[in-house]
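Listed here are the chains, written in short residue letters.
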Amino acid sequence: MKTSRVFLFLSLAAVVAALTVAANRTPTGCNHPAVIAKTRLLMNTVVEITVRTDTPQERSRAENAADSAFDEIARLENIFSAYRPQSELSRLNSHGAEGPVPVSIELYSLIEKAIGFQKQTAGAFDVTVKPLKDLWAAAGSTGTLPERSAIDRARAKVGADAIVLDKIARTVSFSKEGLALDLGGIVKGYAADRATGVLANHGIRNAIVNVGGDMRCLGSRSGGDGWMIGIRHPRDTARIAYRLAVRDRGVDTSGDYERFFTIQGRRYSHIIDPSSGMPVADMTVSATAIAADSLAADAYATALCVLGEKGLPLAASAGVDALIITAANGGFRVRTTDGFKERYGIGTETL
Ligand code: AMP
Ligand code: MG
């Protein structure tokens, strides 16, 4: 049987996410297992769904399942987008400081989970960083560092403690003027989980959903250990530094090598350290998290970029396998949790 390896490359940017090498090409349709891979642009990124099919008859079921999974992600985008003025999240952001805003159960529970991640990560993951993110995005586009006073003003608007939840009334309000939520650090992971759930409801047992680098694996590619996932070299992005076989887990990498901006020659990440108000810069280049679901992997990958290597014990205690790449002595240092070493064979190394 002719086989072609399918590598799904971890990535942060849309274009890179599209690099997944698609399917076994089976001209006669009788080489199985095979895979179908479909791609759509959603959530400002490339979403790719790859489904293993064991018989030619399964192909149309797989295609339909993938289409329903894409529809689910499109539905979520209408709720959670911080950029669409009509999204439920944008309406909450506009009115949350005026008083309790009734929200859907889905938005309520994702905010609740986000607050949980804030607590678990000692504040490194914070969905209220939006004022700082907007300030730094503007700085990146003009190429000028913001004034210290502007950073302090934005910081004063940040703080998950000011999110007021009322579970009974299912409302959310903000006890601080200027507070706004940005679920960008977890929403792609959540979408990958939901889309995988849709596939499972269609009877799919082996698939991988990749929402711009946030992945959820189901079963395996060909009955082996799982789906092969590549972690790119942080600077030589055409090179795959590591290949991992992952089964039934969420996988995400966050870092400065796809989405970043440069001011006065210095590279800044799109991830903000809530404690300093500054973007993560220079040292922690990327963090890969593998967790029970893609939501947790997404939250931890973002938080670990802020925490750096000192966040590894925190990830381990939450059952998250993590790998961090740090710039050191002109090269890169790799550190992992014990679980990552045990399950994926990568420990203390240099790149
Ligand atoms: P990710 O690519 O999953 O690491 O998410 C990065 C996105 O999360 C950013 O573009 C922001 O929208 C948001 N974000 C930035 N810094 C943080 C932070 N410290 N905690 C939570 N979300 C953040
Ligand atoms: Mg994330």
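All figures in this text were calculated on a predicted structure; none of them were measured in a lab.

Colleague: Even after reading the chapter, I still don't get the site of ligand 1, so can you show me in this structure?
Modeller: Close to ligand 1 lie 16 residues; Asp-126, Asp-182, Ser-254, Ile-272 and Thr-302 are nearest. At 3.1 Å, a backbone N or O of Gly-185 approaches an oxygen atom of ligand 1. When the free accessible area of ligand 1 is taken as 500 Å², the share hidden by the protein chains comes to 99%. Among the elements of the structure, strand E13 (266–273) and helix H8 (294–307) are those that each provide at least two residues to the shell around ligand 1. If one sorts the elements of the shell around ligand 1 by residue count, E13 sits on top with 3 residues. Of the residues assigned to the shell around ligand 1, the class counts are 6 nonpolar, 5 polar and 5 charged.

Colleague: How should helix H4 (residues 105–120) be read in this particular structure?
Modeller: The periodicity of an α-helix, 3.6 residues per turn, causes residues three or four places apart in sequence to face the same way. End to end, H4 covers 22 Å across 16 residues, agreeing with the expected 22 Å (1.5 Å per residue, within 8%). Residues of H4 that are buried include every one of Glu-106, Leu-107, Tyr-108, Leu-110, Ile-111, Ala-114, Ile-115, Phe-117 and Gln-118, and no others. Those residues of H4 that are buried lie in contact with helix H2 (58–80), helix H3 (88–95), strand E5 (163–166), strand E6 (171–174), helix H7 (187–201) and H8. Just downstream of H4 lies Ala-122, where phi reads positive at about 55 degrees.

Colleague: Help me understand the sheet that holds E13, please; the structure alone is not making it clear to me.
Modeller: Hydrogen bonds along the backbone pair up the strands of a sheet, which may run parallel or antiparallel. An order of E12-E13-E14 is seen for the 3 strands of this open sheet, with the pairing classed as antiparallel. This sheet does not close on itself; its edge strands, each paired only once, are strand E12 (260–263) and strand E14 (278–281). The sheet shows a mean angle of 55 degrees between the axes of neighbouring strands, taken without regard to direction. As paired elements, E13 and E14 share 3 bridges and run antiparallel to each other. Bridged to Tyr-268 within E14 is Ala-281. In the packing of helix H5 (residues 130–142) onto the sheet, the strands contacted are E12, E13 and E14, and the crossing angle to E12 comes to about 60 degrees.

Colleague: Looking at this model, I keep getting lost on the environment of Val-285. Mind explaining?
Modeller: Within the secondary structure, Val-285 is located in strand E15 (residues 284–291). Distance in space between the C-alpha atoms of Val-285 and Cys-305 is 7.4 Å, their sequence separation being 20 residues.

Colleague: Quick question: what am I supposed to make of the pairing of strand E3 (residues 45–53) here?
Modeller: Among the 9 residues of E3, 9 are classified as buried, and the element is accordingly described as predominantly covered. Examined bridge by bridge, strand E2 (residues 34–42) and E3 share 9 bridges and lie antiparallel to one another. The partner of Val-35 across the bridge, within E3, is Arg-52. Here E2 hands over to E3 after 2 residues, with Met-43 in that stretch at a positive phi of 50 degrees.

Colleague: Just checking my understanding: could you explain the pairing of strand E16 (residues 321–328) for this structure?
Modeller: One face of the sheet, then the other: side chains in a regular strand alternate in exactly this way. Of all 8 residues in E16, 7 are buried, a share of seventy percent or more. Taken together, the 6 bridges between E15 and E16 define a ladder with antiparallel strand orientation. Along E16, the bridge assignment pairs Thr-284 with Thr-326. Bridge analysis of E16 against strand E17 (residues 331–336) gives 6 bridges, and the strand direction is antiparallel. Paired with Ala-327 across the two strands is Phe-332, which belongs to E17. Connecting the antiparallel pair E16 and E17 is a turn made up of 2 residues, with Asn-329 showing a positive phi of about 50 degrees.

Colleague: Help me out: how do you make sense of the sheet that holds E5 in this one?
Modeller: Spatial ordering of the open sheet is given by E4-E6-E5, a layout of 3 strands whose pairing is antiparallel. Looking along the sheet, the strands with just one partner apiece sit at the ends: strand E4 (101–102) and E5. Taken strand by strand, H4 contacts E5 and E6, and its axis lies near 130 degrees from that of E5.

Colleague: Would you mind showing me how to read the packing of H2 against H7 here?
Modeller: The geometry of a pair of packed helices is captured by two quantities: the angle between their axes and the separation between those axes. In contact at an axis separation of 8 Å, H2 and H7 are set at 145 degrees when each is read in the N-to-C sense. Helix-helix and strand crossings are classified by hand; for H2 and H7 the assignment is right-handed. Packed against H2, whose contacting residues are Ala-65, Ala-66, Ser-68, Ala-69, Glu-72, Ile-73, Arg-75, Leu-76 and Phe-80, the element H7 presents Val-187, Tyr-190, Ala-191, Arg-194, Ala-195, Val-198 and Leu-199 at the interface.

The rules behind each value
- Per chain, the residues get numbers from 1 upward, laid out in the order the sequence is written.
- In the order they appear in the text, chains get letters beginning with A and ligands get numbers beginning with 1.
- Only residues with pLDDT of at least 70 are given local features in this predicted model, and only at 80 or more are side-chain atom pairs given and counted; all residues enter the totals for whole chains, interfaces and linings.
- Based on all heavy atoms of the structure, the side-chain values leave hydrogens and waters out of the count.
- We call a residue near a molecule or strand whenever a single non-hydrogen atom of that residue lies within 4 Å of it.
- Here a polar contact means two N or O atoms within 3.5 Å. Within protein one must be a hydrogen donor candidate and the other an acceptor candidate, and residues neighboring in sequence count only if both atoms are side-chain atoms.
- Values of accessible area rely on a 1.4 Å probe in the Shrake-Rupley scheme; residue burial ignores everything except the protein chains shown.
- Per the convention used, a helix needs a DSSP run of H or I reaching at least four residues, while a strand needs a run of E reaching at least two, with both numbered from the N terminus.
- Each residue receives one of three labels: charged for Asp, Glu, Lys and Arg, nonpolar for Ala, Val, Leu, Ile, Met, Phe, Trp, Tyr, Cys and Pro, and polar for the others, Gly being one of them.
- Expected helix span is taken as 1.5 Å per residue step, with the number of steps being one fewer than the number of residues.
- When a residue's accessible area, from a 1.4 Å probe over protein chains only, is under 20% of the maximum for its type it is buried; when over 50% it is exposed; and in between it is partly exposed.
- It only takes one pair of heavy atoms within 4.5 Å for two residues to be counted as in contact.
- Whether two strands pair comes down to DSSP finding at least two bridges between them.
- An axis is simply a line fitted to the C-alpha atoms; with a helix, the fit covers only the stretch in contact. Between two such axes, the angle follows the N-to-C directions and lies from 0 to 180 degrees.
- Throughout, a crossing is termed right-handed when the near helix is turned clockwise from the far one, and left-handed when it is turned anticlockwise from it by less than a right angle.

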